[in-house]
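Spelled out from the first residue to the last, the chains are:
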Amino acid sequence: MSTQSYSSPRRRVLGYAALIIFALLLPGPFFIQIATAFKTDPDASNHPLNLIPHPASLAAWKRIFGYSAAQPVPFGTWLTNSIIVSTVITLLRVFLDSLAGYALARLNFPGRRIVFAFVLGTLAIPGVVLLI
């Protein structure tokens, strides 16, 4: 067997450079959201991409956790609703997908291959595309 390399050193360096650039850019939106959490509403609207809030404020955090009288938000209700909806959807998906998987794996019925191809094709489409 030959031990030839399938990529040149130059190509490998360019590949790693691209990966490093993407790795440095990936946390950017996360840092922007953290910075926005400490901005005032006008500052967040006027300068949405600034990483340094001017002036820094805890008003959003106080409003979320109910320490501010101005425009309180029902954070507990939102959290409870999110937990209920995500739990019910997860349990139903596991149950119904298990039934469908069993039917496709064990039962022979007309159109089984077409249904399987459709399910496989749907899995190949990213979830974000299905949202649109």
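Student: Can you explain the overall build of the protein? Please cite residues and give values.
Tutor: When helices and strands are counted, the protein shows seven helices and zero strands. Put simply, the protein runs from its N terminus to its C terminus through helices and strands in the order α-α-α-α-α-α-α. In terms of overall size, the protein is more extended than a compact globule, its C-alpha atoms giving a radius of gyration of 25 Å where 132 residues would be expected to give roughly 14 Å. Projecting the C-alpha coordinates of the protein onto the three principal axes gives extents of approximately 65 × 50 × 25 Å. Taking all 132 residues of the protein together, 5% fall into the buried category. Sequence-distant contacts in the protein: of pairs separated by 6 or more residues, those separated by 24 or more amount to 2%. When the accessible area of the protein is evaluated, it comes to approximately 11700 Å², of which 72% is carbon and sulfur surface.

Student: Can you lay out the side chain of Ser 57 for me, pointing to particular residues and giving the numbers?
Tutor: Note that Ser 57 resides in the loop between α3 (41-46) and α4 (59-64). In this structure Ser 57 comes out as buried when scored by relative accessible area, which is 16%. A distance of 3.0 Å separates a polar side-chain atom of Ser 57 from the backbone nitrogen of Ala 59. Beyond its immediate sequence surroundings of up to four residues, Ser 57 is in contact with Ala 37, Phe 38, Lys 39 and Thr 40.

Student: Can you break down the layout of surface pockets residue by residue, with the values?
Tutor: Roughly 200 Å³ of volume is contained in the largest pocket. Around the largest pocket, the lining residues are Arg 93, Asp 97, Ala 100, Gly 101, Leu 104, Val 119, Thr 122 and Leu 123. At the level of elements, α5 (75-106) and α6 (112-124) are the ones that each hand at least two residues to the lining of the largest pocket. The leading source of residues in the lining of the largest pocket is α5, at five residues. Partitioning the lining of the largest pocket into residue classes produces four nonpolar, two polar and two charged.

Student: So what's going on with the environment of Pro 48? Residues and values would help.
Tutor: Mapped onto the elements of the fold, Pro 48 is located in the loop between α3 and α4. According to the relative accessible area criterion, Pro 48 is partly exposed, its value standing at 42%. Separated by 16 residues in the primary sequence, Pro 48 and Ile 32 place their C-alpha atoms 7.9 Å from one another. Those residues in contact with Pro 48, other than ones at most four positions away along the chain, are Ile 32, Thr 36, Lys 39 and Asp 43.

Student: Tell me about the pattern of salt bridges, and name the residues and values.
Tutor: According to the stated counting rule, one finds two salt bridges in the structure shown. Here Asp 41 and Arg 63 are joined by a salt bridge, their closest N and O atoms 3.4 Å apart. Of the two residues, Asp 41 is situated in helix α3 and Arg 63 in helix α4; the sequence distance between them amounts to 22 residues. Residue class for Asp 41 comes out partly exposed when judged on its relative accessible area of 47%. Across the pair Asp 97 and Arg 93 runs a salt bridge whose closest N-O atoms are separated by 3.1 Å. Here Arg 93 and Asp 97 lie together in helix α5, a separation of four residues that amounts to about one turn.

Student: Could you give an account of the environment of Val 119, naming the residues involved and the relevant values?
Tutor: Here Val 119 is to be found in helix α6. For Val 119, a relative accessible area of 35% corresponds to the partly exposed category. Sequence-wise, Val 119 and Ala 100 are 19 residues apart; in three dimensions their C-alpha atoms are separated by 9.8 Å.

Criteria and thresholds
Residues numbered from 1 in each chain as written. Predicted model: local features only at pLDDT ≥ 70, side-chain atom pairs only at ≥ 80, totals over all residues. Heavy atoms only, no water. Helix = DSSP H or I, 4+ residues; strand = E, 2+ residues; numbered from the N terminus. Rg over C-alpha atoms; globule rule 2.2 N^0.38 Å. Buried < 20%, exposed > 50% of the residue type's maximum accessible area, 1.4 Å probe, protein only. Contact = heavy atoms within 4.5 Å. Areas by Shrake-Rupley, 256 points an atom, 1.4 Å probe, with all protein chains shown as cover. Polar contact = N/O pair within 3.5 Å; in protein donor to acceptor, adjacent residues only side chain to side chain. 1 Å grid on protein atoms, 1.4 Å probe; cavity = no way out; pocket = protein on both sides within 12 Å on 5 of 7 lines; lining within 4 Å. Points joined across faces, edges and corners; volume = space filled by probe spheres on them. Nonpolar A, V, L, I, M, F, W, Y, C, P; charged D, E, K, R; others polar. Salt bridge = Lys/Arg side-chain N within 4 Å of Asp/Glu carboxyl O.

Remember that the coordinates give geometry; whether it matters functionally is a separate question.
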